[in-house]
Amino acid sequence: MTSPLRYLLQALNFAVFMAIIGYFSANPAVRNLEEGLAQVTLAIGHAGQPVRPCRERTAEELAALPPNMRQPMDCPRERSPVIVRLIMDGKPILDMTVNPPGAFKDQGIDIYRSIPIPAGKHHFVAKLKDSVREKDFNYVGEKVVDLAPADLLFIDFHAQMGGFLFK
Amino acid sequence: MRGINDLKPTSNPIKRAYLYLEEWFNLSFGEKWNPLYHLGPLTFFFFWIALVTGLYLFIFFDTTVSGAHASLEVIINEQFYIGRIMRGLHRYASDAAVATIFLHIFREFSQDRYRGIRWYSWFTGIPNLWLVGLLGITGYWMVWDELALFIAIGSSKLMDALPIFSDSMARNFMPGNLGGRFSTLLAFLHLLGLPMFLIFMLWFHVRRLSKVEISAPKGLAIGALLALTVLSLVVPALSHAPANLSKVPTVLHPDWFYLNIYPLAKDWPAGQVWLLVGGITVLMMFMPWLPKKKTGAVAVVDLNHCNGCGQCADDCPFDAITVQARTDGAKWKNEVVVAPQLCAACGICTGSCPSSNPFRKTSDDGLLKTGIDMPGLPLDQFKRQTDEALAKLEGDIKIMAFGCDNSYDVETLSAPNVAAIRFFCIGMMPASLVEYALKNGADGVFISGCRHGDCYYRFGNHWMDMRIHGERKPALRARVDRSRIRIFGAADTDGKKLKKEFQAFCDSLASQPPPTGAPHTTAQAEEARHD
Ligand code: HEM
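Every chain is numbered independently, its residues counted from 1 as its sequence is written. Labels are handed out in written order, letters beginning with A for the chains and numbers beginning with 1 for the ligands. Side-chain atom pairs in this predicted model are given and counted only at pLDDT of 80 or more, local residue features only at pLDDT of at least 70, and totals for whole chains, interfaces and linings cover all residues. Values reported for side chains reflect all heavy atoms of the structure, with hydrogen atoms and water molecules removed beforehand.

(A) Spatial organisation of the overall build of chain B. Across its full length, chain B carries 17 helices and 9 strands. Summarising its shape, the C-alpha atoms of chain B cover approximately 95 × 50 × 40 Å along the three principal directions. Whether a residue is buried, partly exposed or exposed follows from its accessible area with a 1.4 Å probe, protein chains only, as a fraction of its type maximum: under 20%, in between, or over 50%, in that order. Expressed as a percentage of its 531 residues, the buried residues of chain B come to 54%. Total accessible area on chain B is roughly 23600 Å²; 63% of this is exposed by carbon and sulfur atoms. Numbering goes from the N terminus for both helices and strands, where a helix is a DSSP run of H or I of at least four residues and a strand is a run of E of at least two. Residue exposure ignores everything except the shown protein chains as possible cover, and the areas themselves are Shrake-Rupley values with a 1.4 Å probe.

(B) Looking closely at the sheet that holds strand β2 (residues 37–46) of chain A. Residues and elements named next belong to chain A. Should DSSP find at least two bridges between two strands, the strands are regarded as paired. Here we have 4 strands laid out as an open sheet, ordered β7-β2-β10-β11, and mixed in their pairing. Both outer strands of the open sheet, β7 (109–118) and β11 (163–166), are each paired with one neighbouring strand and no more. Neighbour-to-neighbour, the strand axes of the sheet open up by a mean angle of 15°, direction not taken into account. Pairing of β2 with β7, which is carried by 10 bridges, proceeds in the antiparallel orientation. What sits directly across from I44, in β7, is I111. Axes here refer to lines fitted to C-alpha atoms; in helices the fit is confined to the stretch in contact. Angles between the N-to-C directions go from 0 to 180 degrees.

(C) Molecular detail of the coordination of the iron atom of the ligand. Residues and elements named next belong to chain B. Water is absent from the atoms considered, so a metal site may look incomplete; donors are defined as N, O and S atoms within 2.8 Å of the metal, or 3.2 Å for Na, K and Ca. Bound to the iron atom of the ligand on the protein side are H104 (NE2) and H205 (NE2), at distances that span 2.0 Å. Square planar and octahedral assignments, for four and six donors respectively, both demand that opposite donors be over 155 degrees apart and that all other angles lie between 65 and 115; tetrahedral needs four donors with all angles between 85 and 135 degrees, and anything else is irregular. Bound by 6 donor atoms, the iron atom of the ligand shows angles of 84 to 179° at the metal and therefore octahedral coordination geometry. Highlighted residues: H104 in helix α4 (residues 82–110) and H205 in helix α7 (residues 183–205), separated in sequence by 101 residues. Judged by relative accessible area, H104 falls into the partly exposed class, the value being 23%. Accessibility expressed as a relative area gives 14% for H205, which makes it buried.

(D) Representation of the interface of chain A and chain B within the structure. Listed by partner, the interface residues are 38 residues for chain A and 45 residues for chain B. Note on terms: buried area is the combined drop in 1.4 Å-probe accessible area of two parts once they are placed together, counting the loss on both. Taken together, both faces of the contact between chain A and chain B bury some 3500 Å²; the carbon and sulfur share is 66%. Taken as a group, A:V30, A:N32 and A:Y112 account for 19% of the area that chain A buries against chain B, more than any other trio of residues on that side. The working definition used for a salt bridge is a side-chain nitrogen of Lys or Arg within 4 Å of a carboxyl oxygen of Asp or Glu. The interface formed by chain A and chain B includes 1 salt bridge. Across the pair B:K247 and A:D151 runs a salt bridge, and its minimum N-O distance is 2.8 Å. We call two N or O atoms a polar contact when they sit within 3.5 Å, provided that within protein one can donate a hydrogen and the other can accept it, with sequence-adjacent residues counted only if both atoms are side-chain atoms. Run the count over chain A and chain B and you get 17 residue pairs in polar contact (both at pLDDT 80 or more). Of all the elements in the fold, those that place two or more residues in the side of chain A that touches chain B are α1 (3–24), β1 (30–31), β2, β7 and β10 (152–158) of chain A. It is α1(A) that provides the largest number of residues to the side of chain A that touches chain B, a total of 13 residues. Under the scheme applied, nonpolar residues are Ala, Val, Leu, Ile, Met, Phe, Trp, Tyr, Cys and Pro; charged residues are Asp, Glu, Lys and Arg; polar residues are all the others, including Gly. Each residue belonging to the side of chain A that touches chain B can be placed in one class, and the counts come to 23 nonpolar, 9 polar and 6 charged. Bridge count for β1(A) against strand β1 (residues 251–252) of chain B is 2 bridges, and the pairing is antiparallel. The contact criterion used throughout is that any non-hydrogen atoms of two residues lie within 4.5 Å.

(E) Structural detail: the site of the ligand. Residues and elements named next belong to chain B. Here a residue is near a molecule or strand as soon as one of its heavy atoms is found within 4 Å of it. Neighbouring the ligand are 25 residues; H104, R113, R118, H205 and R458 lie closest to it. Side-chain polar atom of H104 to a nitrogen atom of the ligand: 2.7 Å apart, as the coordinates give it. In the environment of the ligand, an oxygen atom lies 3.0 Å from a nitrogen or oxygen atom belonging to the side chain of R458. At the level of secondary structure, the elements contributing two or more residues to the shell around the ligand comprise α2 (39–60), α4, α5 (119–142) and α7. At 7 residues, the largest contribution of residues to the shell around the ligand is made by α5. Classifying every residue of the shell around the ligand by side-chain character gives 13 nonpolar, 7 polar and 5 charged.

(F) Expanded view of helix α1 (residues 13–33) of chain B. All names here are of chain B. To estimate the expected span of a helix, subtract one from its residue number and multiply by 1.5 Å. With 21 residues, α1 should cover 30 Å at 1.5 Å per step; its first-to-last C-alpha distance of 25 Å lies more than 12% under that length. Bend is the name given here to the angle between axes fitted to two runs of seven residues, the run ending at a residue and the run starting at it. A bend of about 90° at L27 is the largest found in α1. What α1 keeps buried is the set K15, Y18, L19, E22, F25, N26, S28, F29 and G30. The opening residue of α1 is N12, an N-cap whose side-chain oxygen sits 3.2 Å from the backbone nitrogen of I14.

(G) Here's a closer look at the pairing of strand β8 (residues 444–447) of chain B. Residue and element names in this part refer to chain B. Neither face of β8 is open: one carries G444 and F446, the other V445 and I447, and all of them are buried. Alignment of strand β6 (residues 399–404) against β8, held across 4 bridges, turns out to be parallel. Counted as the bridge partner of F402 is I447 from β8. By the bridge criterion, 3 bridges tie β8 to strand β9 (residues 485–487) in an arrangement that is parallel. Counterpart to I447 in the pairing with β9 is I487. Assessed by its sense of winding, the connection that carries the chain from β8 through helix α15 (residues 460–468) to β9 is right-handed. Here is how to tell: hold the view so the strands point away, follow the path from the first strand over the helix to the second, and if it runs clockwise the crossover is right-handed.

(H) Representation of the side chain of B:E22 within the structure. Residue and element names in this part refer to chain B. By the element assignment, E22 lies in helix α1. For E22, a relative accessible area of 0% puts it in the buried group. A distance of 2.7 Å separates a polar atom in the side chain of E22 from a polar atom in the side chain of Y18. Here E22 is in contact with N34, L36, Y37, R107, R451 and D454, once residues within four sequence places are set aside.

(I) The environment of B:N244, seen in detail. Residues and elements named next belong to chain B. For N244, the position within the fold is in the loop between α8 (218–234) and β1. Given the relative accessible area of 37%, N244 is considered partly exposed. Sequence separation between N244 and A420 is 176 residues; the distance between their C-alpha atoms is 72 Å. Polar side-chain contacts of N244 include one of 2.9 Å to the backbone nitrogen of S246.

(J) View of helix α10 (residues 270–286) of chain B. Residues and elements named next belong to chain B. Counted at 1.5 Å a residue, the expected span for α10 with its 17 residues is 24 Å, and the 24 Å between its end C-alpha atoms agrees. Inspection of α10 places A270, V273, V277, T281 and M284 among the buried residues, and these make up the whole buried set. An end-on view of α10 places all buried positions within 85° of arc, on one side of the element. Note: the arc covers the axis-to-C-beta directions of the helix.

(K) Region of the structure containing the state of the cysteines. For the purposes of this analysis, a disulfide is any pair of cysteine sulfur atoms at a distance within 2.5 Å. By the definition in use, this model includes 1 disulfide over all chains. Between the sulfur of A:C54 and that of A:C75 lies a disulfide, 2.1 Å long from S to S. The S-S bond linking A:C54 to A:C75 shows a torsion near 115°; that makes this disulfide right-handed. You can see A:C54 sitting in the loop between β2 and β3 (55–56) and its partner A:C75 sitting in the loop between β4 (73–74) and β5 (82–88), a full 21 residues away along the chain. Its relative accessible area of 32% is what places A:C54 among the partly exposed residues. With a relative accessible area of 38%, A:C75 lands in the partly exposed category. B:C349 forms no disulfide, and the closest cysteine sulfur to it belongs to B:C346, at a distance of 6.1 Å.

Given below as structure tokens:
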């Protein structure tokens, strides 16, 4: 084949290659959030309370234990499931019960949930129950927020800081 | 003629698809520049571009979370076109590397070059896939734009699903936090850790191959660089809006070469994404054994016929042969040894051995011996087959055809006046066998094998070609009439072309006076031996 034709073919091949690179380096686009929506993200890292209350060990009991295991409190390993409910304008938008992971059901739970919601003013109530011994939700937080499209309402949870934190 | 054909690959559609693509590139670039023949070096070349442009960007780049995005805007907008070209090249060369890596995988897979002893190259290729992927991900993350935030949250979800860290990573990316906890780690990984590790793993990847081509042909490299530069100017590589942790990115333009799992991670539970990615990785890792490739018996050295010249060690494409000090007390200084676990049983070494000469006298046991032989098809056997085939030929123009197991089957050329013999690789054919055939009744010798520029065993057809043209030892003697020899490599899909070429060869032989070849004498044999 003559070389001018060959160079032309090479240019054509490079053009196709570059078109593929150029296109897929940024396309097709991905919609992460529909137009007009905002998002609420709930992030909870928390360990449920023991299924039974802790009990103080008697002096005899402590003496019977090896010295390195003489803990004054006797707590069960198993933790309670954590129940979380998020209510927006009176309607639940999230309702979940998370069992503690681990072979002995003794570990903390992690929740990270994002929920798209219509933009606008909303009344949020977040509730959490972390003990089988409680009758009702023992952590409750609420807030009214006005969210523009693409705004993020981040609901964090810290038991030591009193529970829910709206950011 | 050999009768065993269990090694012959069948023509599957994936293989054919690859061969047609290769043919198209041969047409456009020629064999020398065919990008499919240089995918490894091309990938290296793209890495080089990324490295050089990366160093440029790094001079101006602010690796902190608060400064990253703005510093890139400066590079893009305030450096005439240089910054734009540099960033474009950095991004697009990295993308091109992924494309060539996938073509590389497609090639090795479709041509069945991933099993047998090649399990090693295949297996050690896979970590590179991860490293390159992580390099791209960390690169986009450093920009700290909306896309980076999307990556950060997606990555966090994926990491949180693994039982490694007790703290949730996703919670780092909440309003009020800078999200900067990872920026130092990211910069370290992207700028130093991953590239170093990648270089190390690539060294491993090609360790069991000899004469590895590291640099792409100049013409191809220049073409690619030019094309990437044009692309950088036509489609500038831009950032998304700066990351804002109080906002949700709405529409994203991910780089699908690197960020393909993130759109998936958005909609799928993290566990399923891991299952998919991990599943593909594990499947790929086991592919060389699904099913295992039957490799023939490995090469065997016969020290009685080896003078330790080391030509086979030099020709072996898989570094399976080494030269060492003589162990049998013979007068020669060296001998060669075969590492069986590295031997692909291609037989190229038999073709390299100066002792593989059909003109030589047989040993006392009546067998023709050589210094390094293939138990699956020893020299003595294919010399006898050649004798028998030549004896049976009838017609005006008698042709001996030699081919290999991995290309278009030369046995389809068989006719009363045409006999064909297939080797494991055409590089296994001693050049002297061509002269032998011409001296013993053949009017012409037609040599096929894999397409020129490509060989199932990397160098077999190349070495053969050089030996026939007197450019590599053991070479065909200069006095042999080259017009009676035709070399034409043909893949499974090249049947028509091969037959056309064969016909042209027949026609050219018909127009020549008959050869003067007479049955060989012992003196000739001696001469041939010392050639
Ligand atoms: C990350 C980038 C990669 C680079 C730069 C690269 C580069 C190379 C190079 C330079 C060779 C030697 C080619 C030759 O000289 O004949 C090679 C061989 C090979 N590569 Fe890769 N490779 C990469 C990734 C991969 C991956 C991901 C796989 C498959 C999973 C793979 C599979 C193979 C195989 C099977 C061979 C052996 C080919 C033969 O024996 O003829 N490579 N690679």
